[in-house]
Amino acid sequence: MSPDEPIESNEDDPSASRPNGRSMLELRFPSNTKYLHMVRELARRIAESTGFEAAEAEKIAMAVNEATTNVIEHAYHGEEGREIEIHFQPGGESLDIQILHDGDALEEVPMPGFDLDKLVAERRKGGMGIYIMKQVMDGLRFGKAGSGKSMCVLVRYKRRDRKGE
Amino acid sequence: MADLSMASERRGDVVVIYPRGFINAHTVRQFEQELERAMESGRNRIVINGSGLSYIASAGLGAIMGHIEDVRSQGGDIRLTDLNETVLNILNVLGFNHICRVFDSEQEAVTSYSEAASND
(Lines give C-alpha, C1' and ligand atoms only; values in the text may rest on other atoms or scores of the structure.)
Protein backbone atom coordinates (compact mmCIF):
# COMPACT_ATOMS: atom_id res chain seq x y z
CA MET A 1 0.00 0.00 0.00
CA SER A 2 1.27 3.48 -0.78
CA PRO A 3 2.03 5.71 2.22
CA ASP A 4 -0.30 8.31 0.70
CA GLU A 5 -3.21 5.97 0.10
CA PRO A 6 -6.16 7.03 2.23
CA ILE A 7 -7.18 4.54 4.88
CA GLU A 8 -10.81 4.43 5.79
CA SER A 9 -12.22 2.63 8.74
CA ASN A 10 -15.89 2.01 9.19
CA GLU A 11 -17.31 0.80 12.44
CA ASP A 12 -20.27 -0.81 10.64
CA ASP A 13 -17.98 -2.76 8.36
CA PRO A 14 -14.84 -3.86 10.16
CA SER A 15 -13.33 -5.23 6.96
CA ALA A 16 -13.18 -1.66 5.63
CA SER A 17 -10.27 -0.94 7.97
CA ARG A 18 -8.34 -3.86 6.54
CA PRO A 19 -7.05 -2.86 3.15
CA ASN A 20 -6.43 -5.80 0.83
CA GLY A 21 -8.16 -8.08 3.33
CA ARG A 22 -5.09 -8.10 5.55
CA SER A 23 -5.39 -9.52 9.00
CA MET A 24 -5.08 -6.90 11.66
CA LEU A 25 -3.83 -6.86 15.23
CA GLU A 26 -5.51 -4.28 17.42
CA LEU A 27 -4.33 -2.84 20.69
CA ARG A 28 -6.37 -0.46 22.87
CA PHE A 29 -4.97 1.11 26.00
CA PRO A 30 -5.43 4.24 28.15
CA SER A 31 -3.26 7.27 27.50
CA ASN A 32 -0.53 6.91 30.08
CA THR A 33 3.21 6.91 29.55
CA LYS A 34 3.51 3.77 31.69
CA TYR A 35 2.25 1.77 28.69
CA LEU A 36 4.88 3.10 26.27
CA HIS A 37 7.38 0.36 27.01
CA MET A 38 4.78 -2.36 26.49
CA VAL A 39 3.68 -0.80 23.18
CA ARG A 40 7.28 -0.51 22.02
CA GLU A 41 8.03 -4.14 22.84
CA LEU A 42 4.84 -5.31 21.15
CA ALA A 43 5.62 -3.31 18.01
CA ARG A 44 9.11 -4.80 17.91
CA ARG A 45 7.83 -8.34 18.30
CA ILE A 46 5.09 -7.90 15.70
CA ALA A 47 7.63 -6.47 13.25
CA GLU A 48 9.99 -9.41 13.86
CA SER A 49 7.20 -11.96 13.55
CA THR A 50 6.14 -10.44 10.22
CA GLY A 51 9.56 -10.86 8.67
CA PHE A 52 11.62 -7.80 9.61
CA GLU A 53 15.15 -8.38 10.81
CA ALA A 54 15.91 -7.46 14.43
CA ALA A 55 17.59 -4.13 13.60
CA GLU A 56 14.68 -3.11 11.35
CA ALA A 57 12.14 -4.20 13.96
CA GLU A 58 13.95 -1.97 16.50
CA LYS A 59 13.53 1.01 14.19
CA ILE A 60 9.83 0.32 13.75
CA ALA A 61 9.47 0.05 17.53
CA MET A 62 11.32 3.36 17.86
CA ALA A 63 8.86 5.06 15.49
CA VAL A 64 5.79 3.58 17.22
CA ASN A 65 7.15 4.75 20.58
CA GLU A 66 7.62 8.30 19.27
CA ALA A 67 4.18 8.39 17.61
CA THR A 68 2.44 7.11 20.75
CA THR A 69 4.36 9.58 22.95
CA ASN A 70 3.19 12.40 20.66
CA VAL A 71 -0.43 11.30 21.05
CA ILE A 72 -0.17 11.26 24.86
CA GLU A 73 1.74 14.52 25.14
CA HIS A 74 0.35 16.61 22.28
CA ALA A 75 -3.06 15.19 21.33
CA TYR A 76 -4.17 14.45 24.92
CA HIS A 77 -1.81 17.00 26.58
CA GLY A 78 -0.78 14.44 29.18
CA GLU A 79 -4.34 13.67 30.24
CA GLU A 80 -4.49 10.08 31.47
CA GLY A 81 -7.21 7.54 30.76
CA ARG A 82 -8.12 8.61 27.22
CA GLU A 83 -8.18 5.84 24.62
CA ILE A 84 -5.40 5.05 22.19
CA GLU A 85 -5.89 2.41 19.54
CA ILE A 86 -3.12 0.90 17.47
CA HIS A 87 -3.80 -1.25 14.40
CA PHE A 88 -0.94 -3.33 13.07
CA GLN A 89 -1.56 -4.55 9.53
CA PRO A 90 1.17 -6.88 8.34
CA GLY A 91 1.28 -7.54 4.63
CA GLY A 92 3.58 -9.33 2.21
CA GLU A 93 5.45 -6.15 1.31
CA SER A 94 4.98 -3.92 4.29
CA LEU A 95 3.83 -3.37 7.82
CA ASP A 96 1.24 -0.60 8.16
CA ILE A 97 0.55 0.84 11.59
CA GLN A 98 -2.31 3.19 12.45
CA ILE A 99 -2.32 5.02 15.78
CA LEU A 100 -5.80 6.40 16.48
CA HIS A 101 -7.03 8.79 19.16
CA ASP A 102 -9.79 11.31 19.75
CA GLY A 103 -7.64 14.13 21.08
CA ASP A 104 -6.40 17.18 19.21
CA ALA A 105 -5.47 16.41 15.61
CA LEU A 106 -1.72 16.25 15.09
CA GLU A 107 -0.07 17.51 11.95
CA GLU A 108 3.17 16.86 10.27
CA VAL A 109 5.44 19.79 10.99
CA PRO A 110 7.40 20.82 7.88
CA MET A 111 11.08 20.24 8.56
CA PRO A 112 13.17 21.98 5.96
CA GLY A 113 16.55 20.88 7.25
CA PHE A 114 16.30 19.41 10.72
CA ASP A 115 18.79 21.42 12.79
CA LEU A 116 19.86 19.63 15.95
CA ASP A 117 22.42 22.34 16.79
CA LYS A 118 19.65 24.92 16.83
CA LEU A 119 17.51 22.77 19.15
CA VAL A 120 20.50 22.41 21.50
CA ALA A 121 21.27 26.14 21.40
CA GLU A 122 17.63 26.86 22.25
CA ARG A 123 17.77 24.26 25.07
CA ARG A 124 14.80 22.53 23.46
CA LYS A 125 13.89 19.15 24.89
CA GLY A 126 11.52 18.10 22.12
CA GLY A 127 11.04 18.36 18.40
CA MET A 128 12.77 15.14 17.43
CA GLY A 129 9.93 12.61 17.39
CA ILE A 130 8.55 13.35 13.94
CA TYR A 131 12.03 13.57 12.47
CA ILE A 132 12.82 10.11 13.87
CA MET A 133 9.58 8.70 12.43
CA LYS A 134 10.36 10.16 9.01
CA GLN A 135 13.89 8.82 9.05
CA VAL A 136 13.12 5.25 10.02
CA MET A 137 9.78 4.70 8.26
CA ASP A 138 8.89 4.81 4.57
CA GLY A 139 5.57 6.57 5.07
CA LEU A 140 4.20 8.93 7.68
CA ARG A 141 0.81 10.54 7.36
CA PHE A 142 -1.69 12.24 9.62
CA GLY A 143 -5.40 12.26 8.93
CA LYS A 144 -8.86 11.20 10.02
CA ALA A 145 -10.23 7.67 10.06
CA GLY A 146 -13.77 6.96 8.91
CA SER A 147 -14.72 6.64 12.59
CA GLY A 148 -13.89 10.33 13.02
CA LYS A 149 -10.81 9.58 15.11
CA SER A 150 -7.55 11.28 14.30
CA MET A 151 -4.77 9.01 13.23
CA CYS A 152 -1.12 8.78 12.44
CA VAL A 153 -0.21 6.20 9.82
CA LEU A 154 3.26 4.67 9.70
CA VAL A 155 4.34 2.42 6.83
CA ARG A 156 7.52 0.42 6.57
CA TYR A 157 8.41 -1.70 3.55
CA LYS A 158 10.33 -4.91 3.91
CA ARG A 159 12.48 -3.92 0.95
CA ARG A 160 13.20 -0.24 1.26
CA ASP A 161 13.89 0.02 -2.49
CA ARG A 162 10.16 -0.59 -2.94
CA LYS A 163 9.41 2.68 -1.16
CA GLY A 164 6.65 4.58 -2.91
CA GLU A 165 5.67 1.80 -5.31
CA MET B 1 12.84 -4.86 37.73
CA ALA B 2 12.05 -1.15 37.91
CA ASP B 3 11.62 0.65 34.58
CA LEU B 4 14.62 2.80 35.42
CA SER B 5 16.99 3.02 38.34
CA MET B 6 19.75 5.58 38.65
CA ALA B 7 23.11 5.57 40.37
CA SER B 8 26.10 7.85 40.17
CA GLU B 9 29.71 7.81 41.30
CA ARG B 10 32.49 10.37 41.43
CA ARG B 11 35.71 9.82 39.52
CA GLY B 12 37.81 12.80 40.61
CA ASP B 13 35.98 15.87 39.36
CA VAL B 14 33.88 13.80 36.95
CA VAL B 15 30.53 12.35 37.89
CA VAL B 16 29.54 9.11 36.18
CA ILE B 17 25.81 8.43 35.94
CA TYR B 18 24.57 4.87 35.52
CA PRO B 19 21.00 4.59 34.23
CA ARG B 20 19.68 1.01 34.43
CA GLY B 21 16.58 0.15 32.41
CA PHE B 22 15.11 2.36 29.69
CA ILE B 23 14.60 6.09 29.26
CA ASN B 24 11.37 7.16 27.60
CA ALA B 25 8.68 9.75 28.32
CA HIS B 26 7.62 7.74 31.38
CA THR B 27 11.04 7.55 33.05
CA VAL B 28 12.77 10.65 31.71
CA ARG B 29 12.10 12.79 34.78
CA GLN B 30 14.17 10.40 36.94
CA PHE B 31 17.05 10.66 34.49
CA GLU B 32 16.75 14.42 34.32
CA GLN B 33 16.73 14.74 38.11
CA GLU B 34 20.03 12.82 38.28
CA LEU B 35 21.58 15.20 35.75
CA GLU B 36 20.25 18.19 37.68
CA ARG B 37 21.56 16.81 40.98
CA ALA B 38 25.05 16.59 39.51
CA MET B 39 24.83 20.11 38.10
CA GLU B 40 23.44 21.60 41.31
CA SER B 41 26.34 20.17 43.29
CA GLY B 42 28.70 21.94 40.91
CA ARG B 43 29.77 18.84 39.01
CA ASN B 44 29.49 19.77 35.36
CA ARG B 45 31.81 17.14 33.97
CA ILE B 46 29.36 14.36 33.41
CA VAL B 47 29.72 10.91 31.87
CA ILE B 48 26.66 8.77 31.21
CA ASN B 49 27.60 5.10 31.27
CA GLY B 50 24.93 3.32 29.22
CA SER B 51 26.02 -0.27 29.96
CA GLY B 52 22.72 -0.86 31.79
CA LEU B 53 20.58 1.08 29.35
CA SER B 54 18.40 -1.00 27.06
CA TYR B 55 17.14 1.94 24.97
CA ILE B 56 16.63 5.67 25.04
CA ALA B 57 13.80 7.48 23.27
CA SER B 58 13.88 11.06 22.03
CA ALA B 59 12.54 12.17 25.43
CA GLY B 60 15.80 11.02 27.04
CA LEU B 61 17.97 12.66 24.41
CA GLY B 62 15.88 15.79 24.91
CA ALA B 63 16.87 15.80 28.58
CA ILE B 64 20.55 15.79 27.55
CA MET B 65 19.90 18.48 24.93
CA GLY B 66 18.13 20.66 27.45
CA HIS B 67 21.13 20.71 29.79
CA ILE B 68 24.24 20.34 27.69
CA GLU B 69 24.62 24.04 26.90
CA ASP B 70 24.36 24.89 30.59
CA VAL B 71 27.10 22.46 31.63
CA ARG B 72 29.30 23.58 28.74
CA SER B 73 28.94 27.19 29.79
CA GLN B 74 30.35 26.09 33.18
CA GLY B 75 33.34 24.40 31.56
CA GLY B 76 31.81 20.94 31.66
CA ASP B 77 30.14 18.58 29.22
CA ILE B 78 27.92 15.50 28.99
CA ARG B 79 29.74 12.53 27.42
CA LEU B 80 28.44 9.07 26.69
CA THR B 81 30.00 5.64 26.93
CA ASP B 82 29.21 1.90 26.78
CA LEU B 83 26.16 2.26 24.55
CA ASN B 84 24.46 -0.73 22.98
CA GLU B 85 23.48 -1.02 19.32
CA THR B 86 19.90 0.16 19.93
CA VAL B 87 21.04 3.34 21.66
CA LEU B 88 23.73 4.02 19.04
CA ASN B 89 21.08 3.60 16.37
CA ILE B 90 18.90 6.45 17.59
CA LEU B 91 21.99 8.66 18.03
CA ASN B 92 22.89 7.97 14.40
CA VAL B 93 19.35 8.63 13.16
CA LEU B 94 19.41 12.07 14.80
CA GLY B 95 23.08 12.86 14.22
CA PHE B 96 23.36 13.11 17.99
CA ASN B 97 26.98 11.93 18.02
CA HIS B 98 27.71 15.31 16.45
CA ILE B 99 26.33 16.94 19.63
CA CYS B 100 27.72 14.53 22.23
CA ARG B 101 31.08 12.77 22.34
CA VAL B 102 30.68 8.99 22.53
CA PHE B 103 33.40 6.72 23.96
CA ASP B 104 33.91 2.97 23.99
CA SER B 105 34.84 2.78 27.67
CA GLU B 106 34.15 4.69 30.87
CA GLN B 107 37.88 5.10 31.45
CA GLU B 108 38.30 6.84 28.09
CA ALA B 109 35.30 9.08 28.72
CA VAL B 110 36.53 10.10 32.18
CA THR B 111 40.14 10.73 31.13
CA SER B 112 38.98 12.75 28.11
CA TYR B 113 38.19 15.56 30.54
CA SER B 114 41.72 15.68 31.95
CA GLU B 115 43.20 15.53 28.44
CA ALA B 116 41.10 18.54 27.49
CA ALA B 117 42.23 20.37 30.65
CA SER B 118 45.92 19.64 30.00
CA ASN B 119 45.53 20.98 26.44
CA ASP B 120 44.09 24.26 27.73
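Given the structure is predicted, the values throughout are model-derived calculations rather than measurements. Position labels on residues start from 1 in each chain and follow its written sequence. Starting at A for chains and at 1 for ligands, labels are handed out in the order in which the entities are written. Whole-chain, interface and lining totals are the exception, using all residues; otherwise, since this is a predicted model, local features are given only for residues with pLDDT of at least 70 and side-chain atom pairs are given and counted only at 80 or more.

### So, the overall build of chain B
Just so we agree on the cut-off: Think of it this way: any DSSP run of H or I at least four residues long counts as a helix, any run of E at least two long counts as a strand, and we number them from the N terminus. Radius of gyration here is computed from C-alpha atoms only, and the compact-globule reference equals 2.2 Å multiplied by the residue count raised to the power 0.38. Think of it as a crowd count around each C-beta: if 20 or more other C-beta atoms lie within 10 Å the residue is buried, if 12 or fewer it is exposed, and in between it is partly exposed, with C-beta placed from the backbone throughout. A residue pair is marked as a contact if its C-beta atoms, positioned from the backbone, fall within 7 Å.
Looking only at helices and strands, one finds four helices and six strands in chain B. Starting at the N terminus, the α and β elements of chain B follow one another as β-β-α-β-β-α-β-α-β-α. Against the globule reference of 14 Å for 120 residues, chain B gives a C-alpha radius of gyration of 13 Å, in line with a compact fold. Principal-axis analysis of the C-alpha atoms gives chain B an extent of 40 × 30 × 25 Å. For chain B, buried positions account for 43% of its 120 residues. For chain B, the proportion of contacts with a sequence separation of at least 24, taken over those separated by at least 6, is 68%.

### Quick notes on the nonpolar core
Note the cut-off: Joined through C-beta atoms within 7 Å, a set of buried Ala, Val, Leu, Ile, Met, Phe, Trp, Tyr and Cys residues constitutes a nonpolar core.
Core analysis: the biggest nonpolar cluster contains 72 residues, and Ile60(A), Ala63(A), Val64(A), Ile99(A), Leu154(A) and Ile23(B) have the highest contact counts within it. Among the elements that line this core, the one with the most residues is helix α2 (residues 54-75) of chain A, at ten residues. Once residues within four sequence positions are removed from consideration, Ile23(B) is found in contact with Leu4(B), Val28(B), Phe31(B), Leu53(B), Ile56(B), Ala57(B), Ala59(B) and Gly60(B).

### Here's the deal with the confidence of the model for chain A
All names here are of chain A. Counted only if it meets this: The predictor attaches a confidence to each residue, and that confidence, scored 0 to 100, is pLDDT.
Mean pLDDT for chain A: 85, with 81% of residues reaching 70 or above. At the level of individual helices and strands, chain A shows its lowest average pLDDT in helix α3 (residues 116-121), which scores 84, and its highest in helix α1 (residues 36-49), which scores 97. Low confidence marks residues 1-17, where pLDDT is under 50. Its contacts with residues over four positions away, or in another chain, come to 28 contacts.

### Regarding the packing of helix α1 (residues 28-40) of chain B against helix α2 (residues 58-73) of chain B
Axis angle and axis distance: for two packed helices, these are the angle between their axes and the distance between the axes, and together they describe the pair. All names here are of chain B. Quick note on the threshold: For helices, the fitted line uses only the C-alpha atoms of the stretch in contact; every axis is such a line through C-alpha atoms, and the angle between N-to-C directions lies from 0 to 180 degrees. Relative orientations are named as follows: roughly parallel for angles under 35 degrees, roughly antiparallel for angles over 145 degrees, roughly perpendicular for angles from 65 to 115 degrees, and oblique for any other angle. A clockwise turn of the near helix away from the far one marks a right-handed crossing, whereas an anticlockwise turn of less than a right angle marks a left-handed crossing. Under the scheme applied here, ten amino acids are nonpolar (Ala, Val, Leu, Ile, Met, Phe, Trp, Tyr, Cys and Pro), four are charged (Asp, Glu, Lys and Arg), and all others, including Gly, are polar.
Two elements in contact, α1 and α2, have axes separated by 9 Å at closest approach and are oriented at 15 degrees. One finds that α1 runs roughly parallel with respect to α2. Regarding α1 and α2, the two cross each other, and that crossing is right-handed. Here Val28, Phe31, Glu32, Leu35 and Met39 of α1 lie close against α2, whose contacting residues are Ala59, Gly60, Ala63, His67, Asp70 and Val71. Counted by class, the contact of α1 with α2 contains seven nonpolar, two polar and two charged residues.

### Digging into the environment of Pro90(A)
Mapped onto the secondary structure, Pro90(A) falls in strand β2 (residues 83-90). With 41 residues separating them in the primary sequence, Pro90(A) and Ser49(A) have C-alpha atoms 9.4 Å apart.

### Section: helix α3 (residues 85-94) of chain B
Keep this limit in mind: It is the directions from the helix axis to the C-beta atoms whose arc is reported.
Turning to α3(B), its buried residues number three or more, namely Thr86(B), Val87(B), Ile90(B) and Leu94(B). Relative to the axis of α3(B), the buried residues are bounded by an arc of 105 degrees and lie together on one face. The exposed residues of α3(B) that point more than 90 degrees off its buried face are Glu85(B) and Asn92(B). In this structure, the buried residues of α3(B) make contact with α2, α3 and α4 (129-136) of chain A together with β4 (53-56) and α2 of chain B. Trailing α3(B) by a residue or two, Gly95(B) shows a phi angle of about 75 degrees, which is positive.

### Things to note about the pairing of strand β3 (residues 45-49) of chain B
Within a regular strand, side chains alternate between the sheet's two faces. Residue and element names in this part refer to chain B. How we decide: Each pair of strands is called paired provided DSSP finds at least two bridges between the two strands.
Burial analysis of β3 places five of its five residues in the buried class, which makes it a mostly covered element. Of the two faces of β3, the one holding Arg45, Val47 and Asn49 and the one holding Ile46 and Ile48 are both buried throughout. Here strand β2 (residues 14-23) pairs with β3 via three bridges, running parallel. Among the inter-strand pairings, Val15 is bridged to a residue of β3, identified as Ile46.

### What about the interface of chain B and chain A?
Size of an interface: often given as the accessible area lost when the parts come together. Taken residue by residue, the interface counts 24 residues in chain B and 23 residues in chain A. Broken down by secondary-structure element, the contributors of at least two residues to the side of chain B that touches chain A are α2 and α3 of chain B. The dominant element in the side of chain B that touches chain A, judged by the number of residues it contributes, is α2(B), at nine residues. Classifying every residue of the side of chain B that touches chain A gives 13 nonpolar, nine polar and two charged.

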